[in-house]
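An overview of the molecular structure
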Amino acid sequence: MKIFYALALISTPFFASAKPLDLKKVSADSNWIMHMNFDSVRNSEIGIFMEDAFENMPEVQRKVLKVQEKYGIHPMKISSFTMFGTGEKHKGIGILEGGINAEIVSGFAQSKDSIEGSKVGENTIFSSQKGRRPMAFTALENGKMIFGPDRDYVSDGIFFANGLGKSIELHPIHQSLTGLLVDPGFLFFANVKNVMEVVEFNEWGRSMADKIDSCGMVIGDQNGELKLVALLKTTSIEVSEPIENMVRGGLAMMEMKAGKDSNTEQILNSYQVTREGKIIRVEVGISNSFLIDRIKKEIKKSV
């Protein structure tokens, strides 16, 4: 049961037919963005299958209800989740929209000795030093929840969640990503050149990052496939060809390895690597029917 539940939660955003990311909710100094939209997941082939499976699994329903009643978060009603930051390790802002009951979230936080609350304007920001690293969060009355490493990040996040902060400008690679798939459910973008100014890479990481200007990826449901399309802009034409060949080789090895196992031979339904100047484009497709089959097998194992 735990395997299926985890798989469902991980898979859900990839099959969502998402509305475009609202850049007014992303800080101007962000060097990376991740956005998932859950609103239209039930309209996709896999989304419909998963919803039907959920309705026939009372144990999972009870767990979802417990999460809602105890923590004030309804996983099945989450609308979108956006994260962004400069690239500094363990620092960024997360904005969760939909499925949030601010009263229950606040009540739960106040019941824990390890969580401290402090007022910022009309909102209470909760902070905790417990765990591997500190974290802070707040729940807004409009059904949004803001996360960050400390109170200051969450305070900034409140402004961005309401479209009030100084927002990021559209990067050319990010702009190209928005037209690759119709309503992608997952988007990731990174301005690698700027990230290098705030992140300490190891020797191998820096040697790779030195060759990349920016990159991004979108994932969505298209023509019976889970389609992944990635763009990578290199720092020069000279390094673009070797990187293209490295990507081609990696995908070919993956296809060969998958083909030796009957359980994974269909995992790469299609793939293509192309290059134009400094821009490398990678497309990978996994059949929806293959994924549904795998989910069905996990359900049988768990019941």
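Since the structure is predicted, the reported quantities are computational estimates derived from the model, not experimental observations. (Residues numbered from 1 in each chain as written. Predicted model: local features only at pLDDT ≥ 70, side-chain atom pairs only at ≥ 80, totals over all residues. Heavy atoms only, no water.)

Quick look at the sheet that holds strand E6 (residues 135-139) now. Here we have twelve strands laid out as an open sheet, ordered E4-E5-E6-E7-E3-E2-E1-E8-E9-E10-E12-E11, and antiparallel in their pairing. Strand pairing shows two members of the sheet lacking a second neighbour, strand E4 (115-120) and strand E11 (270-276), which therefore form its edges. Averaged over neighbouring strand pairs, the angle between their axes works out to 15 degrees when direction is ignored. In this structure, E4 lies alongside strand E5 (residues 123-128), joined through six bridges in antiparallel fashion. Across the sheet, residue Ile-115 finds its bridge partner in E5, namely Ser-128. Docked against the sheet, helix H5 (residues 151-161) engages strand E2 (80-85), strand E3 (93-97), E4, E5, E6 and strand E7 (144-148), running at close to 145 degrees with respect to E7. (Pairing = 2+ DSSP bridges. Helix = DSSP H or I, 4+ residues; strand = E, 2+ residues; numbered from the N terminus. Axes fitted to C-alpha atoms, helices over the stretch in contact; angles between N-to-C directions. Contact = heavy atoms within 4.5 Å.)

Taken as a whole and assessed by the stated rule, the structure comprises eight salt bridges. The partner of Lys-227 in a salt bridge is Glu-225, and the shortest N-O contact between them spans 3.3 Å. The buried category is assigned to Glu-225, whose relative accessible area is 9%. When the shortest N-O distance is used, the salt bridge between Glu-244 and Arg-275 registers 2.6 Å. In this pair, Glu-244 sits in helix H9 (residues 237-259) while Arg-275 sits in strand E11, placing the two residues 31 residues apart along the sequence. On the accessibility criterion, Glu-244 (8% relative accessible area) is buried. Salt bridges sharing common partners tie together Glu-225, Lys-227, Arg-281 and Glu-283. (Salt bridge = Lys/Arg side-chain N within 4 Å of Asp/Glu carboxyl O. Buried < 20%, exposed > 50% of the residue type's maximum accessible area, 1.4 Å probe, protein only.)

Attention now goes to the packing of helix H3 (residues 58-71) against helix H4 (residues 102-110). At a minimum axis distance of 7 Å, the contact between H3 and H4 shows a crossing angle of 70 degrees. It follows from the interaxial angle that H3 and H4 lie roughly perpendicular. Along the contact surface, H3 presents Gln-68, Glu-69, Lys-70 and Tyr-71, while H4 presents Ile-104, Val-105 and Phe-108. Split into classes, the residues belonging to the contact of H3 with H4 amount to four nonpolar, one polar and two charged. (Parallel < 35°, antiparallel > 145°, perpendicular 65-115°, else oblique. Nonpolar A, V, L, I, M, F, W, Y, C, P; charged D, E, K, R; others polar.)

What follows is about helix H2 (residues 45-55). Every buried residue of H2 is accounted for by Ile-46, Gly-47, Phe-49, Met-50, Ala-53 and Phe-54. Down the axis, H2 shows its buried residues gathered within 160 degrees of arc, on one side only. (Arc of directions from axis to C-beta.)

What follows covers the pairing of E3. Burial of E3 is extensive: five of the five residues sit out of reach of the surface. Summarising the sheet, E3 and E7 pair through four bridges and their orientation is antiparallel. Each residue of the ladder has a partner; that of Gly-94, found in E7, is Phe-147.

Here the focus is the packing of aromatic side chains. Per the stated rule, a full pass over the model turns up three aromatic pairs. Aromatic pair Tyr-71 and Phe-108: ring centres 4.8 Å apart, planes at 75 degrees, arrangement edge-to-face. Linking Tyr-71 in helix H3 with Phe-108 in helix H4, this pair joins segments that are 37 residues apart in sequence. What makes Tyr-71 partly exposed here is its relative accessible area of 33%. Centre to centre, the rings of Phe-84 and Phe-160 are 5.9 Å apart; their planes meet at 85 degrees, and the pair counts as edge-to-face. Here Phe-84, found in strand E2, pairs with Phe-160, found in helix H5; they are 76 residues apart in sequence, far enough to count as distant. Comparing Phe-84 with Phe-160 shows no difference in burial state: the two are buried. (Phe/Tyr/Trp six-rings, centres within 6.5 Å; stacked < 30°, edge-to-face > 60°.)

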